[in-house]
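Examining the three-dimensional arrangement
The primary structure of each chain is shown beneath.
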Amino acid sequence: CRNVPPEADPDETELTEGDVIRAVREIGLPSLKVQIQPGKETLVNVETIFYTRPQPFERSVTLLGFDVDLVATPVRYTWVHDDGTVSTTSRPGKPYPAMDVTHRYREPADDVHPRVDVTYRVRYRVDSGAWQTIGQTLQASGPAAELDVREAAPVLTRP
């Protein structure tokens, strides 16, 4: 992609896709926090629900004298469970009763730190021109949450 303002000497100023990528990385894409249900504790072999809340990303910046509009859209969510497993979805999940993003921990553990990493597709336009899509996706790693995985033992009681 080569864009040159009409008033500039074409040999002096050009805006490349690399310039746009650097600007997006400098601004930073939204890092999303993983939400966990039932909360800060879960049980071994019980479905633990994960979800996140996507944030819109729209910015207008000036790069090398050009007005550039940026829009980033999440296209993939990578759920890092911090037990050696990872899952990927195209949706951000939902809280209970939806159980579209879940994980079953197999071993008890203290201080597990799950997170969600979001992959974005970025579109941009220069000086209100046609929208273009960056040829690569960009990722933002979310902050780690705190979770304890407990083991429960059944207890029989008389009614």
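These notes cover the structure that comes with them.

Comments concerning helix 1 (residues 17-27)
Those residues of helix 1 lying buried are Asp-19, Val-20, Ile-21, Ala-23 and Val-24. Buried positions along helix 1 lie against strand 4 (57-63), strand 5 (66-80), strand 9 (115-126) and strand 11 (138-141). Positive phi shows up at Gly-28, right after helix 1, with a value of about 90°.

Focus: the sheet that holds strand 12 (residues 147-150)
Overall, mixed pairing links the three strands, which are arranged 2-12-8 in an open sheet. Only two strands of the sheet have a single neighbouring strand rather than two, namely strand 2 (41-43) and strand 8 (109-112). On average, adjacent strands in this sheet sit at an angle of 25° to one another, irrespective of strand direction. Of the pairings in the sheet, the one linking strand 2 to strand 12 comprises three bridges and is parallel in character. Residue pairing in the sheet places Glu-41 in a bridge with Asp-148 of strand 12.

Let's talk about the sheet that holds strand 7 (residues 102-104)
Two pairing modes exist for strands in a sheet, parallel and antiparallel, and in both the strands are linked by backbone hydrogen bonds. Reading across from one edge, 1-3-7 is the order of the three strands in this open sheet, with antiparallel pairing throughout. Where the open sheet ends on each side, the last strands, each with one partner, are strand 1 (35-37) and strand 7. Within the sheet, the average angular offset between the axes of one strand and its neighbour, ignoring direction, is 30°. Across three bridges, strand 3 (residues 47-51) lies against strand 7 in antiparallel orientation. What sits directly across from Thr-48, in strand 7, is His-103.

Comments concerning the environment of Val-122
Within the fold, Val-122 resides in strand 9. Judged by relative accessible area, which is 0%, Val-122 ranks as buried. For the pair Val-122 and Ala-140, spaced 18 residues apart in the sequence, the C-alpha separation amounts to 12 Å. Beyond its immediate sequence surroundings of up to four residues, Val-122 is in contact with Val-24, Val-71, Ala-72, Gln-132, Thr-133, Ile-134 and Leu-138.

Calculation rules
- Residues numbered from 1 in each chain as written.
- Predicted model: local features only at pLDDT ≥ 70, side-chain atom pairs only at ≥ 80, totals over all residues.
- Heavy atoms only, no water.
- Buried < 20%, exposed > 50% of the residue type's maximum accessible area, 1.4 Å probe, protein only.
- Helix = DSSP H or I, 4+ residues; strand = E, 2+ residues; numbered from the N terminus.
- Contact = heavy atoms within 4.5 Å.
- Pairing = 2+ DSSP bridges.
- Axes fitted to C-alpha atoms, helices over the stretch in contact; angles between N-to-C directions.

Limitation: the analysis is restricted to geometry and does not speak to function.
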